[in-house]
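One letter stands for each residue in the lines below.
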Amino acid sequence: NDPAEVRKLQTFLKNYEGFSNIAITGFYDQSTYDAVKKFQLKYTNDILIPSGITAPTGYVYTATLKKINEIYCKNN
């Protein structure tokens, strides 16, 4: 994982989704992984269902990234 991209993800999760336990390190650690899974569950209809997935993966692929960008752009 590109540390700069992971820092952007961590900043988003902390500042926009309220995951206060996320440290902005650039390292895709367990707390980041867990937060992504919770994010994916929160937006099941936008992330999991269109991808044909029934459980969160914890990984940021196309549908997850799309939802992150939608939220970020809407708020900026």
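Cut-offs and rules
- Residue numbering note: each chain is counted from 1, following its sequence as written.
- Totals for whole chains, interfaces and linings use all residues, but because this is a predicted model, local features are given only for residues with pLDDT of at least 70 and pairs of side-chain atoms are given and counted only at 80 or more.
- Side-chain descriptors were evaluated using all non-hydrogen atoms of the structure, hydrogens and water having been removed beforehand.
- Numbering goes from the N terminus for both helices and strands, where a helix is a DSSP run of H or I of at least four residues and a strand is a run of E of at least two.
- In this scheme, a helix's expected span is set at 1.5 Å multiplied by one less than its residue total.
- Buried residues are those whose accessible area, probed at 1.4 Å on protein chains only, stays under 20% of the maximum for their type, while exposed residues exceed 50% and partly exposed ones sit between those limits.
- Throughout, the arc means that of the directions going from the helix axis to the C-beta atoms.
- Throughout, a contact is declared for two residues whenever any of their heavy atoms are within 4.5 Å.
- Nitrogen and oxygen atoms within 3.5 Å of one another constitute a polar contact, given that in protein one can donate a hydrogen and the other can accept it, and given that sequence-neighbouring residues count only through two side-chain atoms.
- Cavity and pocket criteria rest on a 1 Å grid covering protein atoms alone: a 1.4 Å probe that fits but cannot get out defines a cavity, protein on both sides within 12 Å along at least 5 of 7 lines defines an open pocket, and an atom within 4 Å of a point defines a lining residue.
- Grid points are joined across faces, edges and corners, and a volume is the space filled by probe spheres set on the points.
- pLDDT expresses how confident the predictor is about each individual residue, on a scale running from 0 to 100.
- Here, nonpolar core refers to any group of buried Ala, Val, Leu, Ile, Met, Phe, Trp, Tyr and Cys residues whose side-chain atoms link them within 4.5 Å.

Q: Can you walk me through helix α1 (residues 3-17) in this structure?
A: Given 3.6 residues to a turn, an α-helix orients residues that are three or four positions apart in the same direction. Look at α1: 20 Å from first C-alpha to last across 15 residues, which is about the 21 Å you get at 1.5 Å a residue. Taken as a whole, α1 has its buried residues at V6, L9, Q10, F12, L13 and E17. Along the long axis of α1, the arc covered by the buried residues comes to 155°, so they all point the same way. Seen from the buried face of α1, the exposed residues on the opposite side, beyond 90 degrees, are K8 and N15. Looking at the packing, one finds that the buried side of α1 touches α2 (30-42) and α4 (62-74). Where α1 begins, the capping side chain belongs to D2, and its oxygen is found 2.9 Å from the backbone nitrogen of A4. Positive phi appears at G18, one or two residues downstream of α1, with a value of about 80°.

Q: Before we go on, may I ask you to explain the layout of surface pockets in this structure?
A: One way to see where empty space is left: roll a probe the size of a water molecule over the atoms. Roughly 460 Å³ of volume is contained in the largest pocket. Among the elements of the structure, α1 and α4 are those that each provide at least two residues to the lining of the largest pocket. Take the lining of the largest pocket: its biggest share by element is 7 residues, from α1.

Q: What is the right way to read the environment of I53 from this model?
A: Tracing the backbone shows I53 in the loop between α3 (44-51) and α4. Once the C-alpha coordinates of I53 and T25 are considered, the two residues, 28 residues apart in sequence, prove to be 29 Å apart.

Q: Help me understand the confidence of the model for the protein, please; the structure alone is not making it clear to me.
A: Parts of the model with low pLDDT should not have their predicted coordinates read in detail. Here the protein averages 95 in pLDDT, while 100% of its residues score no lower than 70. Between the elements of the protein, mean pLDDT differs from a low of 94, seen in α4, to a high of 98, seen in α2.

Q: Can you walk me through the nonpolar core in this structure?
A: One recurring pattern in soluble globular proteins is that nonpolar side chains are buried together. Membership of the largest hydrophobic core comes to 16 residues, with the highest contact counts inside it found for L9, F12, L13, F39 and I47. Of all elements in the fold, only α1, α2, α3 and α4 reach the threshold of two or more residues within this core. Every residue in contact with F12, bar those within four places of it in the chain, is listed here: E17, F39, I68, I71 and Y72.

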